[in-house]
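Given next are the chains, with one letter for each unit.
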Amino acid sequence: MAETLENGWSTPAALSIPKEGYFKKEEGRYGPVFPQTPANYGFSVIAKVKPGREQAIRDYGKTIEEAVKGSPNVLAPLKLHYLRWVLFDVGSGLHFMYQGIFDTDFDKYLEDAVALFNSTGLTTVFVNLEGWPEDWKTNLNAVIKFFREHHCPSFLEYGEYPYVSADEVKKALKLKAAFSNMLDQMQ
Amino acid sequence: MFIKKNVMLELEDIQHYLLTRPHATIAQYIFINFRTAEGGRKWVNDLSDIVGNVKTVMVASESDMRWVSLAFTFQGLRKLGVDETSLATFPEPFRQGMAARAAILGDIGINHPDHWEDKIASEDLHAVVILFARDRDEKERCIKRHDEYLQDNPGVEILSSLLLEAVPPYDYVHEHFGYRDRLTTPVIEGMGVEPTPGSHPPSKPGEFFLGYPDETGLIPIQPMPEILSKNGSFLAYRKMREHVGAFRDFLKANGKTVEEQELVAAKLMGRWRTTGAPLVLCPEKDDRELGFDDKRNNNFDYEKMDPHGYACPMGSHIRRMNVRDGRVSRIMNRRLIIRRGGTYGPYLPDDAPDDGANRGIAVFAGCADISRQFEFLISVWANDPEFLELNERDPFAGSIDGAVEMTIPKRPIKKKVKGLNAFTTVTGGAYFFLPGIKALKYLASLK
């Protein structure tokens, strides 16, 4: 990644971000593009849970765990680092937060994400959220609009090893393993 | 919105353009402005009788050598009298038009719509007539007939037109750089055509035609009214000038012998230039027999056969535009387009220096969802520097400004080809809607 070379992965970096979520308005296919930060790309989708649906959402934790266990590369095209799913109530009712950190901007692979959510059964979590479009099965644009409208951009992001992609991390670990193997062979 | 099994396309109501490939040697695109709504509707009505549908064109005899298609811009539909409520149901990219999406598509700098030709970015562009003819005489006869017709219908005028003609050598289909073309095209379920080995499985009709189930198994929400959208498709038009002299200079600078130059040309494309034989299957040496064997020339993948790109570089044109790799995309079947088009401008003989003439390709990409299909291909797979962490763009379809490098994976150390300039410049583009036959009659009947 270009940014990696300029800034160096070994120097931790923080970046504060304007309220809009971007520095300069740059249109993507579905709206303004959110920039890469030292913590790469990401989103934080927050929505209110429909009354009485908490357990339904919690139960899906197991479904996703099984889906990834059965097919560990199922989410590979999304270039993810981490996903976090949180349920919380700070006095205004139960809310759901879905936070992801990945290596490509939010807009580019939205259709891939929606298709993967559908194929893994993940989408069925979202039907428990207020504002989720009723015609989600046939209206891709409405689904994408939901994610964009419920995304709360960060105002600050930090990276201990900034701008490094998951692929680079995996390559580094593979190299380490290969060198370790090499040393074993030389004993 | 329900699942139907074995949906058959209504072939008699679909314009032939995306589904048949007549044996034409020549074509003309005529870009049209409707001065008046009445004139426009009369024109649609008068021409609609000669628009070929899939069914009739498929069974047409050799002597039937004229194939006309009509498509409209958003402004064209509005001018013809489609009401604003209906217009608002058309997808945003189509409503905005391609020129307004320039930043998304990477059409900046020399590729910017300000420099586009043929008045293609004008708000006055309302429609296009795509005319195929078997020979030049037949084409001239049709154009003359249309010109005469327009004399009686002053409500319609020609903004510009573009002649497309095959360039020598005529023994294989190719563009000005000499790359063999038309090696992969989507096959649609229910058409009775088997995909060749290694090609995509048949697509659901809704990937290309409105009103049918797509790969989700459901009929996606459609523009209104149904009579207008049913059996229609969207077309993304792209005119790209090809800088043949610059391309040949680049090959010479990166290869001492003809064989080395051909290998560099093949590495940029992912296939050998004149045969189309895929590098994955014959990485060292061209194989003509393999290239022309439809049972073999698409029968490969990248994930298992060439994961590191030692045969076919990750950044080559065919590996970017048709990724064939589950690690990169699980929804390749939702990113397909049907390409139609050809070359314009004079042939530049192999040994001739660049004469500065305007030559290139002018292509229509047919799809059901401009953003998900066409715009994704251009903005992400062609133009995203982060694609596979290459920090490159597609050598032909990407927006390249100034000399860049491209990585050719090679053992022990990767090789970089340098001085890769923009071999192509985008010089035109527009979004059109290609309606069904009944929809043409509906447009002609609007008040």
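Residues numbered from 1 in each chain as written. Chains lettered and ligands numbered in written order. Predicted model: local features only at pLDDT ≥ 70, side-chain atom pairs only at ≥ 80, totals over all residues. Heavy atoms only, no water.

Residue and element names in this part refer to chain A. Within this structure, the stated rule accounts for 46 aromatic pairs over all chains. With centroids separated by 5.0 Å and ring planes inclined at 85°, the aromatic side chains of Trp132 and Phe146 adopt a geometry described as edge-to-face. In this pair, Trp132 sits in the loop between α4 (123-126) and α5 (140-149) while Phe146 sits in helix α5, placing the two residues 14 residues apart along the sequence. Trp132 gets classed as buried once you look at its relative accessible area, which sits at 8%. (Phe/Tyr/Trp six-rings, centres within 6.5 Å; stacked < 30°, edge-to-face > 60°. Helix = DSSP H or I, 4+ residues; strand = E, 2+ residues; numbered from the N terminus. Buried < 20%, exposed > 50% of the residue type's maximum accessible area, 1.4 Å probe, protein only.)

When the terminal C-alpha atoms of helix α13 (residues 371-382) of chain B are compared, their 14 Å separation across 12 residues is substantially less than the 16 Å that a helix rising 1.5 Å per residue should span. Across the 12 residues of α13(B), 12 count as buried, placing the element largely inside the fold. (Expected span 1.5 Å × (residues − 1).)

The subject of this paragraph is the nonpolar core. Formed by 102 residues in total, the largest nonpolar core has its most connected members in B:Tyr29, B:Trp43, B:Phe72, B:Phe374 and B:Phe432. Per-element accounting of this core gives the leading share, 7 residues, to α13(B). Counting 34 residues, the second-largest nonpolar core is a separate cluster that includes A:Ala47, A:Ile57, A:Leu110 and A:Ala113. (Core = buried A, V, L, I, M, F, W, Y, C linked by side-chain atoms within 4.5 Å.)

The next point concerns the interface of chain B and chain A. Contact residues are listed per partner, giving 26 residues for chain B and 29 residues for chain A. For the pair chain B and chain A, the summed buried area comes to about 2100 Å², and 52% of that belongs to carbon and sulfur atoms. Looking at the side of chain B facing chain A, the largest losses of area belong to B:Arg330, B:Glu386 and B:Glu389, adding up to 29% of the total buried there. The closest approach of N and O atoms between A:Glu111 and B:Arg335, which form a salt bridge, is 2.8 Å. Put simply, chain B and chain A have 11 residue pairs in polar contact (both at pLDDT 80 or more) between them. Sorting elements by how many residues they give to the side of chain B that touches chain A places α13(B) first, with 7 residues. (Contact = heavy atoms within 4.5 Å. Buried area = accessible area lost by both parts, 1.4 Å probe. Salt bridge = Lys/Arg side-chain N within 4 Å of Asp/Glu carboxyl O. Polar contact = N/O pair within 3.5 Å; in protein donor to acceptor, adjacent residues only side chain to side chain.)

All names here are of chain B. Evaluation of the coordinates by the stated rule reveals 41 salt bridges over all chains. Glu148 is paired through a salt bridge with Lys144; the nearest N and O atoms lie 3.4 Å apart. Remark: Lys144 and Glu148 occur in helix α7 (residues 136-151); sequence separation between them is 4 residues, near one turn of the helix. The exposure class of Glu148 is partly exposed, given its relative accessible area of 37%. For Lys144, a relative accessible area of 53% puts it in the exposed group.

Okay, the environment of B:Lys119 next. Residues and elements named next belong to chain B. Relative to the elements of secondary structure, Lys119 occurs in the loop between α6 (102-105) and β3 (127-133). Looking at Lys119, the relative accessible area reads 52%, which means it is exposed. As a C-alpha pair, Lys119 and Leu159 span 40 residues in sequence and 6.7 Å in three-dimensional space. Lys119 has contacts with Leu125 and Leu159, leaving out every residue within four places of it along the chain.

This next bit is on the environment of A:Ile57. All names here are of chain A. Inspection of the secondary structure puts Ile57 in helix α2 (residues 54-70). Looking at Ile57, the relative accessible area reads 7%, which means it is buried. Sequence-wise, Ile57 and Asn128 are 71 residues apart; in three dimensions their C-alpha atoms are separated by 7.2 Å. Residues within four places of Ile57 in sequence aside, it is in contact with Val49, Leu87, Phe96, Val125, Asn128 and Leu129.

Attention now moves to the state of the cysteines. Under the counting rule described, the total for this entry stands at 0 disulfides over all chains. Summary of cysteine pairing: B:Cys312 is not part of a disulfide, and the nearest cysteine sulfur, belonging to B:Cys282, is at 11 Å. (Disulfide = S-S within 2.5 Å.)

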